[in-house]
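Residue-level structural notes
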Amino acid sequence: MDNNEKNQASENMQEPNESNIARRERLLGTDMTDKIHDDKAEITKGNFFANVWYRFKWAIIVVALFLVVMIYGLVHSALQKTYDLDLSYFGPVYVKSSLHDDIQKMLSDLAQDYNGDGEKKINFTFTTYQGEEGIENIPENQEFYNAILTANANTEALKGMNSQINSGHISFYIMDKDIYEMYKGHFITVEEILGYKLDSSKLYDSRAVLLEETMLDDRYPTLAPICKDSVICVQKIYTTSEEKLESAKALFKAIVELE
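Conventions used here
Residues numbered from 1 in each chain as written. Predicted model: local features only at pLDDT ≥ 70, side-chain atom pairs only at ≥ 80, totals over all residues. Heavy atoms only, no water. Helix = DSSP H or I, 4+ residues; strand = E, 2+ residues; numbered from the N terminus. Contact = heavy atoms within 4.5 Å. Areas by Shrake-Rupley, 256 points an atom, 1.4 Å probe, with all protein chains shown as cover. Core = buried A, V, L, I, M, F, W, Y, C linked by side-chain atoms within 4.5 Å. Buried < 20%, exposed > 50% of the residue type's maximum accessible area, 1.4 Å probe, protein only. Pairing = 2+ DSSP bridges. Right-handed = clockwise from strand over helix to strand, strands pointing away. Patch = residues over 30% accessible without salt bridge, like charges linked within 9 Å, V, L, I, M, F, W, Y side chains within 5 Å. Salt bridge = Lys/Arg side-chain N within 4 Å of Asp/Glu carboxyl O. pLDDT = per-residue confidence, 0-100. Expected span 1.5 Å × (residues − 1). Phe/Tyr/Trp six-rings, centres within 6.5 Å; stacked < 30°, edge-to-face > 60°.

1. Re the overall build of the protein chain
- Summing up its helical and strand segments, the protein chain has 11 helices and 6 strands in all.
- Put simply, of all contacts in the protein chain between residues at least 6 apart along the chain, 67% involve residues at least 24 apart.
- For the protein chain, the accessible area works out to roughly 17200 Å², and carbon and sulfur atoms hold 54% of it.

2. What about the nonpolar core?
- Counting residues in each nonpolar core, the largest one holds 36 residues, and the members touching the most others are F172, L216, L223, I232, L251 and F252.
- Sorting the residues of this core by element identifies β1 (85–91), α4 (97–110), β2 (122–128), β3 (172–176), α8 (190–194), α10 (224–227), β6 (230–234) and α11 (242–256) as the ones contributing at least two each.
- Sort the elements by how many residues they give to this core and α11 lands first, with 6 residues.
- Of all hydrophobic cores here, the second largest spans 16 residues; its members include M161, I170, M175 and Y180.

3. Examining the pairing of β2
- Direction of pairing for β1 relative to β2: parallel, over a ladder of 7 bridges. Counted as the bridge partner of F90 is T127 from β2.
- As for the winding sense of the linkage, the β-α-β connection from β1 through α4 to β2 is right-handed.

4. Here we look at a nonpolar patch on the surface
- Together, V63, F66, L67, M70 and I71 line one region of the surface with nonpolar side chains, adding up to about 470 Å² of accessible area.
- Assignment of secondary structure puts L67 in helix α3 (residues 48–79).

5. Observations concerning the pattern of salt bridges
- Counted under the stated rule, the structure contains 7 salt bridges.
- A salt bridge links K121 to E119, with the shortest nitrogen-to-oxygen separation between them at 3.7 Å.
- With a closest N to O distance of 3.0 Å, E181 and K184 form a salt bridge.
- Judged by its relative accessible area of 33%, K184 falls in the partly exposed class.

6. Let's talk about the pairing of β1
- For β1, the buried fraction is high: 7 of the 7 residues fall into the buried class.
- In β1, alternate side chains face the same way, and those of L85, L87, Y89 and G91 on one face and D86, S88 and F90 on the other are all buried.

7. Focus on the confidence of the model for the protein chain
- Here the protein chain shows a mean pLDDT of 77. Residues at 70 or above account for 67%.
- Segment residues 76–80: pLDDT under 50, and 0 contacts once partners within four positions in sequence are set aside and those in other chains are kept.
- Contacts from residues 134–148, a stretch scored under 50 in pLDDT, to residues over four places away or in other chains number 5 contacts.

8. Regarding α4
- Compared with the 20 Å implied by 1.5 Å per residue over 14 residues, the 20 Å span of α4 between its first and last C-alpha is a close match.
- Each element contacted by the buried residues of α4 is listed here: β1, β2, α9 (216–219), α10 and α11.

9. Concerning the packing of aromatic side chains
- For the coordinates displayed, the defined rule picks out 7 aromatic pairs.
- Here the aromatic rings of F90 and Y173 are separated by 5.2 Å at their centres, their planes lie at 55 degrees, and the arrangement is tilted. In this pair, F90 sits in strand β1 while Y173 sits in strand β3, placing the two residues 83 residues apart along the sequence.
- Arranged with centres 6.0 Å apart and planes meeting at 70 degrees, the rings of Y173 and F187 form a pair that is edge-to-face.

10. Considering the environment of K253
- Within the secondary structure, K253 sits in helix α11.
- In this structure K253 comes out as partly exposed when scored by relative accessible area, which is 32%.
- Between the C-alpha atoms of K253 and G195, which are 58 residues apart in sequence, the distance is 9.6 Å.

Encoded structure:
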């Protein structure tokens with residue numbers, strides 16, 4: 001065998017499966033191992049943030065989401081309206097936009113800045129309840145299904161009124177007299193509200209004042225629909241704050257003492 005053949009055989013016997021990287025390491029004496037995917041690689045100055053993100057990215061994401069939710073909650077609370085008083089009407093009248101605006105105008109005139117934030121803001125809501133009499137008085141030529149809709153609407157309205165009264169979130173009410181009869185045990189006496197005895201001609205009973213016996217519809221004629229057969233009353237404290245209760249008493253007194 002000549003020398004060339006011997007050299008070739010010798011090379012083939014040394015590392016038959018040796019890779020190019022291994023051959024370079026053997027010849028050059030350097031470590032060419034790729035450490036890109038080495039989870040235990042030391043954090044050095046050059047790749048500190050990359051390694052932190054690689055190791056702790058899920059913890060960072062969770063903390064970031066928590067901060068976003070917390071900041072949103074704080075901003076939402078700061079922007080949320082704070083009302084001076086919550087007021088509600090229960091009765092047969094559907095409060096259309098024009099009547100709603102007139103009620104807000106009256107409240108703006110008579111109410112005060114009870115919470116001292118520099119603004120007068122009253123939260124007025126209403127529930128339309130026709131009662132059994134309203135269902136009985138549906139015109140004969142009205143289609144039957146409309147009567148059924150009215151009955152269903154009354155059922156839902158009654159549930160809403162019961163829930164609102166029992167929750168105690170609202171203190172001041174304008175109520176149709178028949179509806180008041182269902183809830184009158186929830187209200188405080190007129191004398192407790194005013195601090196003095198009111199002329200009995202203005203009283204519906206000891207806990208309610210006849211709205212038609214006040215000067216409200218004289219001063220605000222467009223409010224006549226909700227004044228007719230209605231009373232004003234103030235609910236006992238349940239979840240309502242003491243401040244809101246005092247605000248309700250103040251508005252009650254302002255309406256009763258209108259001249």
